[in-house]
Amino acid sequence: MRGPGRWAVLFALAVLAVVMLFPFALVAMNAVKSPAEYSTQGPLSLPDGLYLQGLADFWTRVDFAGKLWNSLVISVSVAVFAVVLSVLNAYALGIGRIRGRLSILVLFLVANTLPQEALAYPLYYLAKAAGLYDTQLAVIIVMTVIQAAFGTYLLSAVLGQFPKEILEAAAIDGAGRLRALWQIVVPISRPTLNVLLIFFFIWTWNEFFLPLIFLISNDTQTVPVALAVLQGEKFMDATMSSASALLGIVPAVAFFLIFQRTLTRGVTVGAIK
Amino acid sequence: MRVRTRGYWLYLAPSLVLFVVVVVVPFLMNVGASFTRWSGVGTPRWIGFDNYARLLRDERFWQSFQHNVGLIVAMAVVPTAIGLVLASALFDYVAKRFGTRTAATLRAMYYLPQVLPVAVAGVVWGWMLHPSYGAVNQIFHLDLDWLGDPDLALATVMAVMVWFQLGYPVVIFMAGLQRVDPAYYEAAEIDGASWFRKFWHITIPQIRPEIFVVLLTCTIAALKVFGPIFVLTRGGPGNATMVPSYFSYLNFFQKSNVGYGSAVATVLALIIIVVTFLFLRVQERAQ
């Protein structure tokens, strides 16, 4: 294709990109309009100036700083614990090659694909009985196990390829299993572990169902739960709705920009293994 | 020298304990509860298969699975089809003529909705589709109640999900295309093959494993879908967008029909496991 045809394809792809990003632009534009400006000019006009009161009002009304903190605590804890568990499991399955490893892997994989609804009520019931209901610890424990199930599956495949010579050399030097794991396997697998860490963090940040049923009080809620529960409340006008959408978008996009390289690499690693 | 593997069980122990507590026991409890009538408090009463018999007669249950089929189309089939064309166009057209940076930028733009928590994506569209102050009606000079009209609600949710999902297959397929030996394309070009012939006879067969993975993961996601339904429609209006996951949630936490909700969740879990195994079998045979 030459001449105008060559640009036509690019143009069509660019138009689609604009359509995909349009909601982001619209949310950003309207989150900084005053309700008066919104009602006279509508959602499509460029903002006259920066009206930040809507954002500020929403921020304080829902204690958004608190929600961010809750999301952060839960996501970081789950990411760290799930990576630790995944490494321990994958060490036993990928390097240790213990008996029945295949059935254990299948079991973990099934657990990861199981709908959470099929665990939800018993977990809710057990959490209440254990006094963990409406605590972040409950969400952290459950999410850690579910994420680690996937991490185990992925890491076992990676560690299955681990060069045996290095481990044998370490054993001759008198390194025990724990030392071999900590001083050889973990440092060498660090790139994969970082990918897992970032993925677990973002998946947990985005998680909705479990936090929704476990975290019912205002002090424990995460960002997605707080925003979703407020959706459609009476006090929400157009500006405040877009302000709430913007506050949900900003952290997610920030993580995307920070971790972009790891993420695009990781999406494909995770999908194909 | 035989390597002793027994000591490695120690490393698996913490996970296995947690796994039993968090997954195995709750799942068995859920299956157990599905054979009872139970409000969540007091003693569950054993009723055998009554809940399942009731499910078969319950119109809402059947409708919720029909809606799932629509969501599989919106979340798996359509994004895969469009994603194939986009990935192929970006990979062997844009990247070659306008540089890999342009292709990578476009790919990132398509992918951006995927980074949002799905509940936040719902908040964004809930605002855009609002019947009185929403942007969509203003742009197209319409006066539609996108999510409140029973004839329109499911189609609207489906459109939102296409927007949300599209970036995932594009990223996966572009990565897959990097594996493909360029010699195939060069040979085809020498033979004067059109873009479509190359797409059909080289691109699709070569990245078949990626296509399977995307279809499988997206189909499972569509069967499990909860967040967007909760935020956008709560299953309504009427039952217009009811899905099994939301239906079981409703029975658990609002109607105090824990036994019935458990039966719905058990059926959903079985369907997902069967779908997974079927996909993996087909994939095995195809390779």
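Residues numbered from 1 in each chain as written. Chains lettered and ligands numbered in written order. Predicted model: local features only at pLDDT ≥ 70, side-chain atom pairs only at ≥ 80, totals over all residues. Heavy atoms only, no water.

### Notes on the overall build of chain B
For the record, the criterion: The way it works is that DSSP assigns letters per residue, a run of H or I at least four long becomes a helix, a run of E at least two long becomes a strand, and they are numbered from the N terminus. For every residue, the accessible area (1.4 Å probe, protein chains only) is compared with the maximum for its type, and the residue is labelled buried under 20%, exposed over 50%, or partly exposed between those bounds. To measure how exposed things are, a 1.4 Å probe is used in the Shrake-Rupley method; for residues, cover is taken only from the protein chains shown. Note on charges: Lys and Arg go in the positive column, Asp and Glu in the negative column, and His and the chain ends are not counted at all. To locate a charge, take atom NZ for lysine, CZ for arginine, CG for aspartate or CD for glutamate.
In terms of regular secondary structure, chain B is built from 14 helices and two strands. Within chain B, the fraction of its 287 residues that count as buried is 54%. Carbon and sulfur atoms provide 64% of the accessible area of chain B, an area that totals close to 13,100 Å². Charged side chains of chain B number 21 positive and 14 negative; the gap between the two group centres comes to 13 Å.

### Observations concerning the packing of aromatic side chains
Test applied: Pairing of aromatic side chains requires ring centres within 6.5 Å, counting the rings of Phe and Tyr and the six-membered ring of Trp. Pairs whose planes differ by under 30 degrees are stacked, by over 60 edge-to-face, and all others tilted. Criterion for a charge above a ring: Lys NZ or Arg CZ within 6 Å of the ring centre, and within 35 degrees of the ring normal.
According to the stated counting rule, one finds 46 aromatic pairs over all chains in the structure shown. With a centroid separation of 5.3 Å and 75 degrees between ring planes, the pair formed by A:Tyr91 and B:Tyr8 is classed as edge-to-face. Taken together, the positions of A:Tyr91 in helix α4 (residues 64-95) and B:Tyr8 in the segment before α1 (9-33) put the pair across two chains. Each member of the pair A:Tyr91 and B:Tyr8 is classed as buried. Summarising the aromatic geometry, the rings of A:Phe200 and A:Trp203 are spaced 6.2 Å apart at their centres and angled 50 degrees between planes, so their arrangement reads as tilted. Highlighted residues: A:Phe200 and A:Trp203, both in helix α10 (residues 190-206), separated by three residues, approximately one helical turn. Of the residues examined, A:Trp203 reaches a relative accessible area of 32% and is grouped as partly exposed. The ring of A:Tyr133 has A:Lys128 sitting right over it, with the charged end atom 4.9 Å from the ring centre. Over the ring of B:Phe230 we find B:Arg234; its NZ or CZ atom is 4.0 Å from the centre of that ring.

### Details of the UniProt feature "domain: ABC transmembrane type-1" (unreviewed entry) in chain B
Basically, it comes down to this: UniProt positions are given in the numbering used here, feature names are shortened, and annotations may be inferred rather than shown by experiment.
According to UniProt, the "domain: ABC transmembrane type-1" (unreviewed entry) feature falls on residues 65-279 of chain B. The span residues 65-279 of chain B is 77% helix and 0% strand, and its two end C-alpha atoms sit 19 Å from each other.

### Focus: the UniProt feature "transmembrane region" (unreviewed entry) in chain B
Residues and elements named next belong to chain B. Within this structure's numbering, the places UniProt gives as "transmembrane region" (unreviewed entry) are residues 7-29, 69-94, 115-133, 153-177, 211-232 and 258-280. Taken end to end, residues 153-177 is 96% helix and 0% strand, and its two terminal C-alpha atoms sit 37 Å from one another. For the annotated span residues 211-232, helix accounts for 91% and strand for 0% of the residues, and the straight-line distance between the end C-alpha atoms is 29 Å.

### Remarks on the UniProt feature "transmembrane region" (unreviewed entry) in chain A
Residue and element names in this part refer to chain A. Cross-referencing UniProt, the feature "transmembrane region" (unreviewed entry) maps to residues 7-29, 68-92, 104-125, 137-159 and 242-259 in the present numbering. End-to-end, the C-alpha atoms of residues 68-92 are 36 Å apart, and along that stretch the chain is 100% helix and 0% strand. Secondary structure across residues 242-259 divides into 100% helix and 0% strand, with the first and last C-alpha atoms of the span separated by 26 Å.

### Some points on the interface of chain B and chain A
Basically, it comes down to this: Whether two residues are in contact is decided by their heavy atoms, any of which lying within 4.5 Å being enough. Defined here as a combined quantity, buried area equals the accessible surface (1.4 Å probe) lost by two parts on assembly, summed across both. Every case where a carboxyl oxygen of Asp or Glu lies within 4 Å of a side-chain nitrogen of Lys or Arg is listed as a salt bridge. In the analysis that follows, any N or O atom pair within 3.5 Å is treated as a polar contact, provided that within protein one partner can donate a hydrogen and the other can accept it, and provided that, for residues neighboring in sequence, both atoms belong to side chains. Each residue gets one label: Ala, Val, Leu, Ile, Met, Phe, Trp, Tyr, Cys and Pro are nonpolar, Asp, Glu, Lys and Arg are charged, and the others, such as Gly, are polar.
Between chain B and chain A, the contact holds 81 residues from the first and 86 residues from the second. The contact between chain B and chain A buries some 7,700 Å² in all, and 80% of this surface belongs to carbon and sulfur atoms. Here chain B is connected to chain A by zero salt bridges. Our count for the contact surface shared by chain B and chain A stands at nine residue pairs in polar contact (both at pLDDT 80 or more). Within the side of chain B that touches chain A, the residues separate by chemical class into 62 nonpolar, 13 polar and six charged.

### Overview of the packing of helix α3 (residues 59-98) of chain B against helix α14 (residues 258-286) of chain B
Residue and element names in this part refer to chain B. Put simply, the rule reads: Convention adopted: a line fitted to C-alpha atoms gives each axis, helices being fitted over their contacting stretch, and angles between N-to-C directions are expressed from 0 to 180 degrees. Here is the rule for handedness: rotate from the far helix to the near one, and if that takes an anticlockwise turn smaller than a right angle the crossing is left-handed, while a clockwise turn gives right-handed.
It is at 12 Å that the axes of α3 and α14 come closest, and there the two elements cross at 35 degrees. The crossing of α3 and α14 is right-handed. Counted together, Phe 61, Phe 65 and Asn 68 of α3 and Val 264, Val 267, Leu 268 and Ile 271 of α14 form the full contact between these two elements. Counted by class, the contact of α3 with α14 contains six nonpolar, one polar and no charged residues.

### Considering helix α10 (residues 195-206) of chain B
Residues and elements named next belong to chain B. Inclusion rule: What a helix should span is 1.5 Å times the count of its residues minus one.
With 12 residues, α10 should cover 16 Å at 1.5 Å per step; its first-to-last C-alpha distance of 15 Å lies within 8% of that length. Taken as a whole, α10 has its buried residues at Lys 198, Phe 199, Ile 202, Thr 203 and Ile 204. On its buried face, α10 is in contact with α3, α8 (167-177), α9 (182-190) and α11 (208-224).

### Describing the pattern of salt bridges
A side chain with one charge may pair with a side chain of the opposite charge, provided their charged atoms come close. All names here are of chain B. Considering all chains together, one arrives at two salt bridges over all chains under this definition. Between Glu 210 and Arg 179 there is a salt bridge; the shortest N-O distance is 2.7 Å. Taken together, the residues span a long stretch of sequence, with Glu 210 in helix α11 and Arg 179 in the loop between α8 and α9 at a distance of 31 residues. Its relative accessible area of 3% is what places Glu 210 among the buried residues. Lys 198 serves as the salt-bridge partner of Glu 189, at 3.0 Å between the closest nitrogen and oxygen. By relative accessible area, which is 44% here, Glu 189 ends up partly exposed.

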